[in-house]
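Observations on chain architecture
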Amino acid sequence: MLIDSWMIVVLIVMTLCGAMGGAGLKAYATSRRRIHVLMGLGFYGTGALLNIFLLKFLPLTVVLPANALTYVWTLFIARFAFKENVGTLRWLGVICIMGGLFFLVL
């Protein structure tokens, strides 16, 4: 099955929304600012709606495993936005995820 380029873009945005949702809740945990929890829930909700939308066009065996890209975004957000230490094994894990996703969307 061939995946159109717009579907790949929506998959990427869906996973980015999931990661941003987690980042919003992490920010709320440290700041207790209501805007952070609202942003986190909003991003999670948007990601869920995009997930449902994609399931109209793509099989579950593509959409669900593509959610692994959320872990990649989360690692970058944790490293650069929250200044968390990210070890070598986690970076290797990201490389493995990206390789698997490459074969998934071919």
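Read on for a plain summary of the structure. (Residues numbered from 1 in each chain as written. Predicted model: local features only at pLDDT ≥ 70, side-chain atom pairs only at ≥ 80, totals over all residues. Heavy atoms only, no water.)

**With respect to the overall build of the chain**
Summing up its helical and strand segments, the chain has five helices and zero strands in all. In the chain, the order of α-helices and β-strands from amino to carboxyl end is α-α-α-α-α. In terms of overall dimensions, the chain has a C-alpha envelope of 45 × 30 × 20 Å along the principal axes. A burial count over the chain gives 29% of its 106 residues as buried. Across the chain, the fraction of contacts at a sequence separation of at least 24, relative to all contacts at a separation of at least 6, is 68%. (Helix = DSSP H or I, 4+ residues; strand = E, 2+ residues; numbered from the N terminus. Buried < 20%, exposed > 50% of the residue type's maximum accessible area, 1.4 Å probe, protein only. Contact = heavy atoms within 4.5 Å.)

**Digging into the packing of helix α1 (residues 5-31) against helix α4 (residues 69-80)**
One way to put it is that α1 packs onto α4 with a least axis distance of 8 Å and a crossing angle of 45 degrees. Judged on the interaxial angle alone, α4 and α1 are oblique. α4 is crossed by α1, and the crossing has right-handed handedness. Residue-level inspection shows I12, T15, L16, G18, A19, M20 and A23 of α1 in contact with α4, the latter providing L69, T70, W73, T74 and I77. Per-class residue counts for the contact of α1 with α4 are eight nonpolar, four polar and no charged. (Axes fitted to C-alpha atoms, helices over the stretch in contact; angles between N-to-C directions. Parallel < 35°, antiparallel > 145°, perpendicular 65-115°, else oblique. Left-handed = near helix turned anticlockwise from the far one by under 90°. Nonpolar A, V, L, I, M, F, W, Y, C, P; charged D, E, K, R; others polar.)

**Describing the nonpolar core**
Among the nonpolar cores identified, the biggest contains 16 residues, and I3, L11, M14, L54, L58 and V63 are the most heavily contacted of them. Going through the elements one at a time, α1, α3 (60-66), α4 and α5 (88-105) are the ones with two or more residues in this core. No other element matches α1, which puts four residues into this core. (Core = buried A, V, L, I, M, F, W, Y, C linked by side-chain atoms within 4.5 Å.)

**Some words on the layout of surface pockets**
The gaps of empty space that remain are located by a probe, the size of a water molecule, rolled over the atoms. The calculated volume of the largest pocket comes to roughly 270 Å³. Listed by contribution, the elements that provide at least two residues to the lining of the largest pocket are α1, α4 and α5. With six residues, α4 is the single largest residue contributor to the lining of the largest pocket. In the lining of the largest pocket, the residues fall into 11 nonpolar, six polar and three charged. (1 Å grid on protein atoms, 1.4 Å probe; cavity = no way out; pocket = protein on both sides within 12 Å on 5 of 7 lines; lining within 4 Å. Points joined across faces, edges and corners; volume = space filled by probe spheres on them.)

**Quick look at the packing of aromatic side chains**
As enumerated under the stated definition, the model contains six aromatic pairs in all. With a centroid separation of 5.2 Å and 85 degrees between ring planes, the pair formed by W6 and F57 is classed as edge-to-face. Here W6 is found in helix α1, whereas its partner F57 is found in the loop between α2 (34-54) and α3, with 51 residues between them in sequence. Here F57 falls in the partly exposed class, since its relative accessible area comes to 39%. Each ring, one from F102 and one from F103, has its centre 5.5 Å from the other, and the planes form 70 degrees; the classification is edge-to-face. Of the aromatic side chains, those joined through ring pairs into one cluster are W6, F53 and F57. Over the aromatic face of F82 sits the side chain of K26, whose NZ or CZ is 5.8 Å from the ring centroid. (Phe/Tyr/Trp six-rings, centres within 6.5 Å; stacked < 30°, edge-to-face > 60°. Lys NZ or Arg CZ within 6 Å of the ring centre and 35° of its normal.)

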